[in-house]
Amino acid sequence: MRFNYFTYRNDDATCPSCGWKGKGRELSNSDFSYEHFIMDLDCPKCFEHLGFWQSPTQTELDEWKREHPAWSLETDGPSSPTES
């Protein structure tokens, strides 16, 4: 499943393997591809792979910020690849 880079932290997530339910911000960061800027996200309970987010292009980021002026990368954006 592809998670929305801009909203996944506040989106609901459910693990089909163990039934865990929570917010996207509770998912475990798994592998990060520095070549493709893709972060895999796993269930924090059973570590089943649930999906990924991919960094937007600069154009997509600029468009999102125009449409959502209150959005902040620091507070609303995805956690860094080093955070879990």
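Basis of the calculations
- Along each chain, residue indices are assigned from 1 in the same order as the chain's sequence is written.
- Owing to the predicted nature of the model, reporting of local features is limited to residues with pLDDT of at least 70; listing and counting of side-chain atom pairs is limited to 80 or more, with chain, interface and lining totals taken over all residues.
- Side-chain metrics rest on all non-hydrogen atoms present in the structure, leaving aside hydrogens and water.
- In these notes, a set of buried Ala, Val, Leu, Ile, Met, Phe, Trp, Tyr and Cys residues joined through side-chain atoms within 4.5 Å is what counts as a nonpolar core.
- For every residue, the accessible area (1.4 Å probe, protein chains only) is compared with the maximum for its type, and the residue is labelled buried under 20%, exposed over 50%, or partly exposed between those bounds.
- A helix here means a DSSP run of H or I that spans at least four residues, while a strand means a run of E at least two residues long, and both kinds are numbered starting from the N terminus.
- When checking whether two residues touch, look at their non-hydrogen atoms; a contact exists if any pair is within 4.5 Å.
- One side-chain nitrogen of Lys or Arg within 4 Å of one carboxyl oxygen of Asp or Glu is enough to make a salt bridge.
- A pair of Phe, Tyr and Trp rings is counted when the ring centres sit within 6.5 Å of each other, with Trp represented by its six-membered ring. The angle between the planes then sorts it: under 30 degrees is stacked, over 60 is edge-to-face, the rest tilted.

A.B. asks: Break down the nonpolar core for me, with residues and values.
C.D. replies: The biggest cluster of nonpolar side chains holds 17 residues, and the ones touching the most others in it are Phe3, Phe6, Trp20, Leu27, Leu41, Trp53 and Trp71. Contributions of two or more residues to this core are made by strand S4 (38-42), strand S5 (49-54) and helix H1 (58-67). Beyond its immediate sequence surroundings of up to four residues, Trp71 is in contact with Tyr5, Phe6, Leu61, Trp64, Lys65, Asp76 and Gly77.

A.B. asks: Let's hear about the pattern of salt bridges: which residues, and what values?
C.D. replies: Tallied over the full model, the rule gives one salt bridge. Its salt-bridge partner being Asp12, residue Lys23 comes within 2.8 Å of it at the nearest N-O pair. Residue Lys23 is found in strand S2 (residues 21-23), and its partner Asp12 is found in strand S1 (residues 12-14); the two are separated by eleven residues along the sequence.

A.B. asks: Quick one: what's the story with the packing of aromatic side chains, residue by residue and with numbers?
C.D. replies: Under the definition given, this model contains nine aromatic pairs. For the pair Phe32 and Tyr34, a centre-to-centre distance of 4.7 Å together with 75 degrees between the ring planes defines the contact as edge-to-face. When its relative accessible area of 56% is taken as the criterion, Tyr34 is described as exposed.

A.B. asks: Describe in detail unusual backbone geometry, supporting the description with residues and values.
C.D. replies: In this structure, Phe37 takes a positive phi of about 55 degrees despite not being glycine. Positionally, Phe37 belongs in the loop between strand S3 (28-33) and S4. The phi dihedral of Phe47 falls on the positive side, at around 65 degrees, and the residue is not glycine. Judged by relative accessible area, which is 57%, Phe47 ranks as exposed.

The values are spatial; any link to function lies outside them.
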